[in-house]
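Letter by letter, the chains look like this.
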Amino acid sequence: MEEHSRLLANHVRELLDEGTLVWREMQVPYHNMAATLTDAFLQGGISYDRVVSPKIGIIRRRYSEVVTTADFLAVLQRGDEFWAAINWRGPKKRGWIENAAKVLNGAGVQTEEDLLEMVSARPNELRAVPGVGPKTFNYLAALCGAKDQIAIDLQLRRFMRESGIDAGDSMGAAEMEAIYRQAASDLDVSPVVLDHTVWSYMSRSRSAK
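Nothing here was measured: the structure is a model prediction, and the numbers come from that model.

Colleague: Residue-level account of helix 10 (residues 154-162), with values.
Modeller: Looking only at helix 10, the buried set comprises Gln155, Leu156, Arg157, Phe159 and Met160. Capping the start of helix 10, Asp153 holds a side-chain oxygen 3.1 Å from the backbone nitrogen of Gln155, two or three residues further along. In the stretch just after helix 10, Gly164 is the one whose phi turns positive, near 95 degrees.

So, in structure tokens, the structure goes:
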């Protein structure tokens with residue numbers, strides 16, 4: 001693992017020196033559970049910059065009063081208003097978001113601070129929510145302000161390959177997380193900053209092709 005983390009950290013340094021990569025920090029938490037849950041459950045498999053980010057912007061402007069999970073549920077109870085506002089028609093992710101809001105409300109999770117407490121103290125409750133896989137679990141924690149999360153996805157896996165690491169299917173998410181964490185330590189940044197920096201760089205690189 002030490003060799004892999006060294007390769008990863010060196011690749012980051014090279015890109016920083018070239019000026020093609022810059023450190024990026026997530027501007028979270030939103031203090032808006034509608035935005036937090038929508039961001040977490042929509043992001044998988046679609047363009048964040050073109051699809052998800054504009055919808056989060058709409059939520060934060062139009063539903064700025066939606067601070068708690070209960071507030072979000074009250075909006076959802078008004079029928080299709082919320083989904084029309086963000087122009088989302090996919091029933092699967094809509095179902096995940098609506099169900100997550102109900103489950104979290106029932107568990108007494110009203111704010112990002114509450115959700116972060118659940119991540120650390122009651123992780124299995126959150127993992128049991130439909131739609132919450134390993135990546136979404138870690139991403140939710142990051143959206144709530146956690147600094148030690150690595151949400152492994154295709155972008156981070158591709159970056160490892162760019163770094164000269166054989167990150168094939170035989171390398172599991174846990175091993176990749178450990179490599180990123182060690183690289184973050186070597187680079188003297190938090191894991192979530194390294195994650196977001198790499199993810200942003202890879203997303204821009206692929207969209208430019």
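Colleague: Can you lay out the packing of aromatic side chains for me, pointing to particular residues and giving the numbers?
Modeller: A full pass over the atoms with the stated rule returns five aromatic pairs. Where Tyr63 meets Phe82, the ring centres are 5.5 Å apart and the plane angle is 55 degrees; that geometry is what we call tilted. Placement of Tyr63 in the loop between helix 3 (48-62) and helix 4 (69-76) and of Phe82 in helix 5 (residues 81-85) is noted, with a sequence separation of 19 residues between them. A relative accessible area of 0% means that Phe82 is categorised as buried. Measuring from ring centre to ring centre gives 5.0 Å for Phe82 and Trp83, while their planes differ by 85 degrees; the resulting arrangement is edge-to-face. Taken as a pair, Phe82 and Trp83 share a single burial class, namely buried. Members of the aromatic cluster, joined through ring pairs, are Tyr63, Phe72, Phe82 and Trp83. Lying across the ring of Phe137, Arg127 places its NZ or CZ 4.2 Å from the centre.

Rules behind the numbers
Residues numbered from 1 in each chain as written. Predicted model: local features only at pLDDT ≥ 70, side-chain atom pairs only at ≥ 80, totals over all residues. Heavy atoms only, no water. Buried < 20%, exposed > 50% of the residue type's maximum accessible area, 1.4 Å probe, protein only. Helix = DSSP H or I, 4+ residues; strand = E, 2+ residues; numbered from the N terminus. Polar contact = N/O pair within 3.5 Å; in protein donor to acceptor, adjacent residues only side chain to side chain. Phe/Tyr/Trp six-rings, centres within 6.5 Å; stacked < 30°, edge-to-face > 60°. Lys NZ or Arg CZ within 6 Å of the ring centre and 35° of its normal.

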